[in-house]
Every structure is written in structure tokens, then in C-alpha cells.
Amino acid sequence: MEKLVSNWYNVRPVPEDCIYPSEKRPGNIHVPKGEVIPVIDLSEADKGDRNRTLVIQKILKAAQEFGFFQVVNHGVSENVMDETTSVVREFFQMPDESKQHLFTQDFSSKCIYFTSCENYANEKVHMWRDFLQHQCHPLDTWRHFWPESPARYRDIVGACSVGIKNLASRILGLISEGLSLKSGYFDDELSSCMVLTALHYPPCPEPSLALGTCPHDDANLITFVLQDEVSGLQIFKDDQWIGVDPIPHAFVVNVGCLLQVISNDKLRSVKHRVVTNASRFRSSSAFFVTASEGSVIEPAKGVVNEHNPAVYRPFTPKEFCMKFFENDADTEATFNHFKA
Ligand SMILES: O=C(O)CCC(=O)C(=O)O
Ligand SMILES: [Fe+2]
């Protein structure tokens, strides 16, 4: 467990294997206050057809321009959100002895406590983060693999998972309406899986050299991030990094690669990263909603026509993930492989 960042993060200088090459380094971690990621009040969608249409337009515009938006008044209880953040934090703060049985490099495990990412053994530079990862939908199938302590972990993360899965169906429903797809398009196997990666980012003595999460796109359908009050998440837009400022009780929602494909490039998966900071721990819980391994992903028939031909050929999420991994998470190369 000595690999865990939590066990050595106070060292100086920063270890060589956590220093990114100059072109990938964050340098100045403070980004200019410029564009702001759209914040969408989801309760407006229940206030009549006109308001619902406006919300759909806002979601589509944000998903096209930023690949990201934040949602407030989304129906997931504030108490469940606060408790999830606090129980996740508690998990990472428990002594090693209580978590040792979950620490593994075997990525076929049902519950994984590890550091950096799956590619640890082969990656050139390690990320400044530890994480806990497990499936969370359907709850009854996966819950018994989750940590038993803190004692309230399963109840709280269970409640949060159910809330987010419902929220995901609602947002995907609005997106399918906005794209003129048939109602329920994303239900069933296109959104039947959900994985939680709970992330713990210890402070870093040299934030300009290391990264909490290196620049990447999400390879799933759509992601919901519950971040605490410490900033660090940034997206890359128009050649610059923009901060995703923490808003109390908001979820950050981002378009994954599969949703980009299904929308035939109308909605965009956007590169993002997490910078570290010198004094504070940051924690976030990323819920990755995605399609079942064997389902077929392709530009939806409803978005393709003679003026807008399919950009991608059909493939399975399993093929996509394998290619993504093979390409060292290079999204462009992976997308190119699946071009029609
Ligand atoms: O920590 C965060 O806020 C986001 C992490 C992330 O982008 C990811 O794990 O895919
Ligand atoms: Fe991500």
C-alpha cells in the first residue's frame, strides 16, 4: 500500500515518476476567470412545456459548446450528497489495516482500492490521486462487494447511486427529446451500467509539476461528478483551460465519447483534467453511466440523414474501451478507428 499517494504525499521534491513532461504540465494551475460552465436548474423542466423546451435547449447548447454543464435542483437529496462526500472522505481517512483487503492491482476485482489508474504498471507518469472503484447499478447485484466500513457506506452510497441513476434517465430523456430521438432511446442497455470512482486527491507540494487527473475524455456515455468545495476540475475549450467551479449541491455532468457517437458529433466529449493544490485534500465521486458491454453503439437513426451522414460505424462499448486502452486513452485516435 506504499504506492498510495496518501501514504507519502508530503515528500519533497515531488517524485520523478509524478512529474509530467513540460507540454503536459499544468504550469499555472490558476485559470483566468473567463467563460463559465453553464448551470442548469432542472426544476424548470417541470414547469410546463415552454420551460421544459428551454431546459432542453440549454442542455443541448451546453453539451455542444462545452461538453459539460452543472445541474442544480435536480431531485437528489442534499443530505444524501453531503453524506456521500463525507463517507467517501472517511473511507480514505481510515487506517490502512481497515482497507488493506480492498487494495488491489487486479482490475477484474469487484471493488478496487488503488492509486493513479488502471494503467499504473505501464503509464509513464502517475497521477496524484488514490481511488475506490466499483459498479453501482443494479444496486442489489453490486452492493455486497462494497466497503463494509465506514458502516454507513453502503446505505449512503446506495441512496446516492439510485438518485443519480434516476437523474441520468431524466437528463438522457431530455437529451433524446432534444435530438428528436424516440422517447426512451437511452433506456435499457444504453445506460444499464454505472460505475463509481471515488477520488481522493492529497495536497501536492508542487502543483505546477503534477496532475491529480491527467487530460482525458470519458469513454462512457455520460458522467455525473459530485465534487467537494475544493476546486481543481478544469475543461479544455478554445485552447485554454476553464475551471469547473464547485457549486454546493450541484452535479457536474459531462458528455462521454459514446454519447458523442450516438449524437453523430452533435454533442461533444471534451477533454478535462484535475489539478492539485498545495494545501488541501480534494475529494470527488464520479458516477460513470454507460452502455452494456455487448450493446451496439452507432449514430442514432434519428440524427442521421443525407445531409448529415453517419460519422461512425457501429461498434460495442467493449471494442471501444479496448481500443481506447490500446491507444493510451488517445481519444482522437480511438474515434478515428471507428469512423464510418
Ligand atoms: O475528480 C474529478 O472532479 C473528475 C475526475 C474525472 O474526470 C474522471 O475520473 O474521469
Ligand atoms: Fe473524466
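Residues numbered from 1 in each chain as written. Chains lettered and ligands numbered in written order. Predicted model: local features only at pLDDT ≥ 70, side-chain atom pairs only at ≥ 80, totals over all residues. Heavy atoms only, no water.

Novice: Let's hear about the environment of proline 205: which residues, and what values?
Specialist: Along the chain, proline 205 turns up in the loop between β5 (193-201) and β6 (213-216). Proline 205 sits 193 residues away from arginine 12 along the chain, and the two C-alpha atoms are 7.0 Å apart. Residue contacts for proline 205: discarding those within four places in its chain leaves Tyr9, Val11, Arg12, Val14 and Trp128. (Helix = DSSP H or I, 4+ residues; strand = E, 2+ residues; numbered from the N terminus. Contact = heavy atoms within 4.5 Å.)

Novice: Summarise the sheet that holds strand β11 (residues 272-274); cite the residues concerned and give the values.
Specialist: Note on sheets: strands pair through backbone hydrogen bonds, and any given pair is parallel or antiparallel. Reading across from one edge, β6-β11-β8-β9 is the order of the four strands in this open sheet, with antiparallel pairing throughout. Of all strands in the sheet, those bounded by a partner on one side alone are β6 and β9 (240-243). Each adjacent strand pair in this sheet contributes to an overall mean axis angle of 25 degrees, direction not counted. Direction of pairing for β6 relative to β11: antiparallel, over a ladder of two bridges. Residue pairing for β11: histidine 216 is matched across the bridge by histidine 272. (Pairing = 2+ DSSP bridges. Axes fitted to C-alpha atoms, helices over the stretch in contact; angles between N-to-C directions.)

Novice: Please set out the coordination of the iron ion (ligand 2) residue by residue, giving values where relevant.
Specialist: Protein coordination of the iron ion (ligand 2) is provided by His216 (NE2), Asp218 (OD) and His272 (NE2), with donor distances spanning 2.1 to 2.2 Å. All donors of the iron ion (ligand 2) belong to a single chain; written as a sequence motif, their spacing is H-x1-D-x53-H. Here histidine 216, found in strand β6, pairs with histidine 272, found in strand β11; they are 56 residues apart in sequence, far enough to count as distant. You'll find histidine 216 and histidine 272 in the same group, each marked buried. (Donors = N, O, S within 2.8 Å, 3.2 Å for Na, K, Ca; no water. Buried < 20%, exposed > 50% of the residue type's maximum accessible area, 1.4 Å probe, protein only.)

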